[in-house]
Amino acid sequence: SYALLKTSSAIAETTSPQHQAQLRSFLQFPMRVQLDSALYFVRAVGGKVRSFVRLDEQLTWRVGKQWELSVAGQNLLHARHSEFVGVNGESQLATPVQRVVNGKITWRF
């Protein structure tokens, strides 16, 4: 039991960051416009994935009771960064996260 716990702790140290922080903000402006922001900080993962700061934003305009237009961006500070490593701490399994910007039209009926 102790050996299994020790092994699980060693895996967690090489695959999980020791420190993470998140700051969220939601602002409502006149004319039914909303801005939703999230700023993330993640500490390095076992020397395999470097520390990073990530910013996500979404701007939404409620045109009427049924229509909504929005534009959202993820990972806006950098073109890409790596997150996560394999269970064995293998860096070649690190997941690259790219900058993404998309738009959305919503119709509620």
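Above this text you will find the structure in question.
Note that the coordinates shown come from a computational prediction; the quantities given were computed from them, not determined experimentally.

Novice: I tried to follow a nonpolar patch on the surface on my own but got confused; where do I start?
Specialist: Taken together, the side chains of Met 31, Trp 61, Val 63, Trp 67, Leu 69, Ile 105, Trp 107 and Phe 109 make up a nonpolar region of the molecular surface, amounting to roughly 960 Å² of accessible area. Elements with a minimum of two residues in the nonpolar patch: β4 (67-74) and β7 (100-107). The residue Phe 109 is located in the segment after β7 in this model. The exposed category is assigned to Phe 109, whose relative accessible area is 82%.

Novice: Please clarify how the sheet that holds strand β1 (residues 20-29) should be interpreted in this entry.
Specialist: Strand pairing in a sheet relies on backbone hydrogen bonds. The paired strands run either parallel or antiparallel. Spatial ordering of the open sheet is given by β1-β2-β3-β4-β7, a layout of five strands whose pairing is antiparallel. Since the sheet does not close on itself, it has two edges, and those belong to β1 and β7, each with one partner. With strand direction ignored, the average angle separating the axes of adjacent strands in the sheet is 10 degrees. With 10 bridges connecting them, β1 and strand β2 (residues 33-42) associate as antiparallel partners. Counterpart to Gln 22 in the pairing with β2 is Tyr 40.

Novice: Please explain the pairing of β2 as it appears in this structure.
Specialist: Strand residues, when the strand is regular, have side chains that alternate between the two faces of the sheet. What sits between β1 and β2 in their antiparallel hairpin is a turn of three residues, with Met 31 showing a positive phi close to 65 degrees. Sheet topology note: the β2/strand β3 (residues 52-62) ladder contains 10 bridges and is antiparallel. The partner of Ala 38 across the bridge, within β3, is Asp 56.

Criteria and cut-off values
Residues numbered from 1 in each chain as written. Predicted model: local features only at pLDDT ≥ 70, side-chain atom pairs only at ≥ 80, totals over all residues. Heavy atoms only, no water. Patch = residues over 30% accessible without salt bridge, like charges linked within 9 Å, V, L, I, M, F, W, Y side chains within 5 Å. Areas by Shrake-Rupley, 256 points an atom, 1.4 Å probe, with all protein chains shown as cover. Salt bridge = Lys/Arg side-chain N within 4 Å of Asp/Glu carboxyl O. Helix = DSSP H or I, 4+ residues; strand = E, 2+ residues; numbered from the N terminus. Buried < 20%, exposed > 50% of the residue type's maximum accessible area, 1.4 Å probe, protein only. Pairing = 2+ DSSP bridges. Axes fitted to C-alpha atoms, helices over the stretch in contact; angles between N-to-C directions.

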